[in-house]
Amino acid sequence: MLLTHATLATMSPAAGSGDYGLIRDGAVVIEADRIAWVGPMADLPADHRGLPHLDCGGRLVTPGLIDCHTHAVFAGHRAEEFELRLNGASYEAIARAGGGIMATVTATRAASEDTLLSGALARIDQLTASGATTVEVKSGYGMTVGDELKMLRVARQIDRHRAVTVRTSHLAAHAVPPEFKDNAKAYITEVALPSLRAAHAEGLVDAVDAFCETIAFSVDELAPLFAEARALGLPVKLHAEQLSDRGGAAFAAGHGALSADHLEYLSPEGIAAMAQAGTVAVILPGAFYTLRETRTPPIGALRAAGVPMAVATDLNPGSSPMASLTLAMNMACTLFRLTPLEALAGTTLHAASALGLSDRGRIAPRQRADLCIWDAHHPAELSYRIGATPLHKRIYGGQLDA
């Protein structure tokens, strides 16, 4: 396939002009599922000019977007809690009263794999409609060995039904269920570790995640889980510093984590550790917005330290019921003051790094041919519109969506 007359945001500054690597009136040659050539139309090699082509008419073309943090497999909803929060209840108070994550756990445990898959596919359809071509999906609403495996099996089925790459994260250490109340250490020993080993043996897991927070786990409680992940050759990531500073980001960076996510209460020490380790900061404005938080992540300090910042939806039924990456980009800019360039890099280049993927996130030779063609002419338009998704066409693995 040959894309012609495109405005290419290659995300490779050396390939074009400015930090977006813009190429006006550009062309992209696709062979099988890879990009074979990128450049100005005027430089298109003669032997490619006869390929079946798609005239982009000057439209913006970006790498396919990557959602590097979702909880897309779950059952039920938590609209009532949304109302409770609006009436003054805190996220922590709701969680301690048996709501929050545990409400979704109850519904997810009761649901069949077919029910979970049906719901997940509907959410994935919303994400791909906003340009997603790669999506991370976590477990964490099962909290028994069998139910965690059930969630991961469902996540593994998604890309058999949809044109999207799915990366799975084991998140059994998401909260302490009632049957282990006040005994988080036993939960790690009896559920989190055995479910991780079983998921790895079954080929269901690509990374290991956990929630480090006052309502979840401490770094000491998570240490055996991260040690096991390392022993199994699995990368780690961490929900860190969302509601308080528990030292999670520095702990994760010390384990070479791919990412630390949320980070509203991130300390200078955490920033320094992430910068040294190359750990990506995953910014999640949907949860900040839904929970009506007031403390923003230290974006300026992360920027100054050179910590790469990804942007994701955090799609989940409680704190971020959002399934649009372009909306997440807008919110990251308006709420956290990311620039449109940072927002697009955060859903392409840096989101790929947050998943340990080096073959996507840029428009360059040998990269996967995952591309979005937008009804737009400048990359800033993707962050500028509120809730709009000006997606014209999506290309996944070299194939146009039907």
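On a predicted model such as this, the values are computed, not experimentally measured, just so you know.

> Help me understand the overall build of the chain, please; the structure alone is not making it clear to me.
Within the chain one finds 15 helices and 16 strands. Computed over the C-alpha atoms, the radius of gyration of the chain is 21 Å, within 12% of the 21 Å expected from 2.2 N^0.38 for a compact globule of 402 residues. Seen through its principal axes, the chain has C-alpha atoms that stretch 70 × 45 × 45 Å. Here the analysis covers contacts within the chain between residues at least 6 apart in sequence; of these, 71% occur between residues at least 24 apart. Accessible surface, the chain: about 14700 Å² in total, of which carbon and sulfur atoms supply 52%. With 33 positive and 42 negative side-chain charges, the chain shows a spacing of 1 Å between the two charge centroids.

> Teacher, can you tell me more about the packing of aromatic side chains here?
Given two aromatic rings, one states the distance between the centres and the angle between the planes to describe the pair. The tally for this structure, following the rule as stated, stands at 5 aromatic pairs. Measuring from ring centre to ring centre gives 5.5 Å for Phe180 and Tyr187, while their planes differ by 70 degrees; the resulting arrangement is edge-to-face. Tyr187 carries the same exposure label as Phe180, and that label is buried. An aromatic cluster of three or more residues is present, and its members are Phe180, Tyr187 and Phe217. A cation over an aromatic ring shows up here: Arg123 above the ring of Phe74, its NZ or CZ 3.5 Å from the ring centre. For the cation-ring pair, Arg368 lies above Tyr396, with the distance from its terminal atom to the ring centre recorded as 4.8 Å.

> Can you walk me through the pattern of salt bridges in this structure?
When the charged atoms of two side chains with opposite charge come close together, those side chains can pair. Applying the stated criterion across every chain, the model contains 21 salt bridges. For Lys237, the salt bridge goes to Glu136, with nearest N and O atoms at 3.9 Å. Of this pair, Lys237 sits in strand 10 (residues 237-240) while Glu136 sits in strand 7 (residues 132-138), and the two are 101 residues apart along the sequence. Of the two residues examined, Lys237 and Glu136, each falls in the buried class. Among the ionic pairs, Arg153 bridges to Glu202, the shortest N-O distance being 2.7 Å. Taken together, the residues span a long stretch of sequence, with Arg153 in helix 5 (residues 145-161) and Glu202 in the loop between helix 6 (184-201) and strand 9 (207-212) at a distance of 49 residues.

> Looking at this model, I keep getting lost on the nonpolar core. Mind explaining?
The biggest cluster of nonpolar side chains holds 103 residues, and the ones touching the most others in it are Val73, Ile158, Leu222, Leu225, Leu238 and Met274. The residues contacting Leu222, other than those within four sequence positions of it, are Ala173, Ile188, Ala210, Phe211, Cys212, Phe217, Leu238 and Phe251. Of all hydrophobic cores here, the second largest spans 16 residues; its members include Leu8, Ile23, Ile35 and Ala369.

> Sorry, what's going on with the sheet that holds strand 9 here?
Note on sheets: strands pair through backbone hydrogen bonds, and any given pair is parallel or antiparallel. Spatially, 6-7-8-9-10-11-12-13 is the arrangement adopted by the 8 strands of the open sheet, whose pairing is parallel. Two strands close off the open sheet at either side, each with one partner strand: strand 6 (65-67) and strand 13 (309-311). This sheet shows a mean twist of 25 degrees between the axes of neighbouring strands, independent of strand direction. Examined bridge by bridge, strand 7 and strand 8 (residues 165-173) share 5 bridges and lie parallel to one another. Paired with Val137 across the two strands is Thr168, which belongs to strand 8. Across the sheet, helix 12 (residues 325-336) lies against strand 6, strand 7, strand 12 (280-283) and strand 13, angled at about 80 degrees from strand 6, the strand it touches most.

> I tried to follow the environment of Ala110 on my own but got confused; where do I start?
Locating Ala110 in the fold gives a position in helix 3 (residues 101-110). Taking the C-alpha atoms as reference, Ala110 lies 9.5 Å from Gly142; in sequence the two are 32 residues apart.

> Please explain the state of the cysteines as it appears in this structure.
Counted under the stated rule, the structure contains 0 disulfides. Between Cys68, a cysteine without a disulfide, and Cys333, which holds the nearest cysteine sulfur, the sulfur-to-sulfur distance is 15 Å. Overall, the relative accessible area of 1% leaves Cys68 in the buried class. The thiol of Cys372 is not disulfide-bonded; the next cysteine sulfur, from Cys56, is found 12 Å away.

> Even after reading the chapter, I still don't get the environment of Cys68, so can you show me in this structure?
The residue Cys68 is located in the loop between strand 6 and helix 1 (79-86) in this model. Here the alpha-carbon distance between Cys68 and Gly278, two residues 210 residues apart in the chain, equals 16 Å.

> Help me understand unusual backbone geometry in this model?
Note on backbone geometry: most residues besides glycine have negative phi, and most peptide bonds are trans. We note that Leu263 has phi near 75 degrees; this positive angle belongs to a residue other than glycine. In this fold, Leu263 is placed in the loop between strand 11 (259-262) and helix 9 (268-277). Positive phi is not limited to glycine here, since Arg292 has a value of about 55 degrees. Tracing the backbone shows Arg292 in the loop between helix 10 (285-290) and helix 11 (299-305).

> When you look at the UniProt feature "binding site: Fe(3+)" (unreviewed entry) in the chain in this model, what are you seeing that I'm missing?
The residues that UniProt annotates with the feature "binding site: Fe(3+)" (unreviewed entry) are His69, His71, His239 and Asp314. Over a stretch of 246 residues, the named residues converge on one spot in the fold, their C-alpha atoms separated by at most 12.3 Å. You can see His71 is positioned in the loop between strand 6 and helix 1. Here Asp314 takes part through its side chain, which lies 3.3 Å from a polar atom of the side chain of His71. Residue placement: Asp314 occurs in the loop between strand 13 and helix 12. Once residues lying within four places of it in the same chain are set aside, the contact partners of Asp314 are His69, Thr70, His71, His262, Leu284, Ala287, Ser319 and Ser320.

Thresholds, definitions, all that
Residues numbered from 1 in each chain as written. Predicted model: local features only at pLDDT ≥ 70, side-chain atom pairs only at ≥ 80, totals over all residues. Heavy atoms only, no water. Helix = DSSP H or I, 4+ residues; strand = E, 2+ residues; numbered from the N terminus. Rg over C-alpha atoms; globule rule 2.2 N^0.38 Å. Contact = heavy atoms within 4.5 Å. Areas by Shrake-Rupley, 256 points an atom, 1.4 Å probe, with all protein chains shown as cover. Lys, Arg positive; Asp, Glu negative; His and termini not counted. Charge placed at Lys NZ, Arg CZ, Asp CG, Glu CD. Phe/Tyr/Trp six-rings, centres within 6.5 Å; stacked < 30°, edge-to-face > 60°. Buried < 20%, exposed > 50% of the residue type's maximum accessible area, 1.4 Å probe, protein only. Lys NZ or Arg CZ within 6 Å of the ring centre and 35° of its normal. Salt bridge = Lys/Arg side-chain N within 4 Å of Asp/Glu carboxyl O. Core = buried A, V, L, I, M, F, W, Y, C linked by side-chain atoms within 4.5 Å. Pairing = 2+ DSSP bridges. Axes fitted to C-alpha atoms, helices over the stretch in contact; angles between N-to-C directions. Disulfide = S-S within 2.5 Å. UniProt positions renumbered as here; feature names shortened; annotations may be inferred. Polar contact = N/O pair within 3.5 Å; in protein donor to acceptor, adjacent residues only side chain to side chain.

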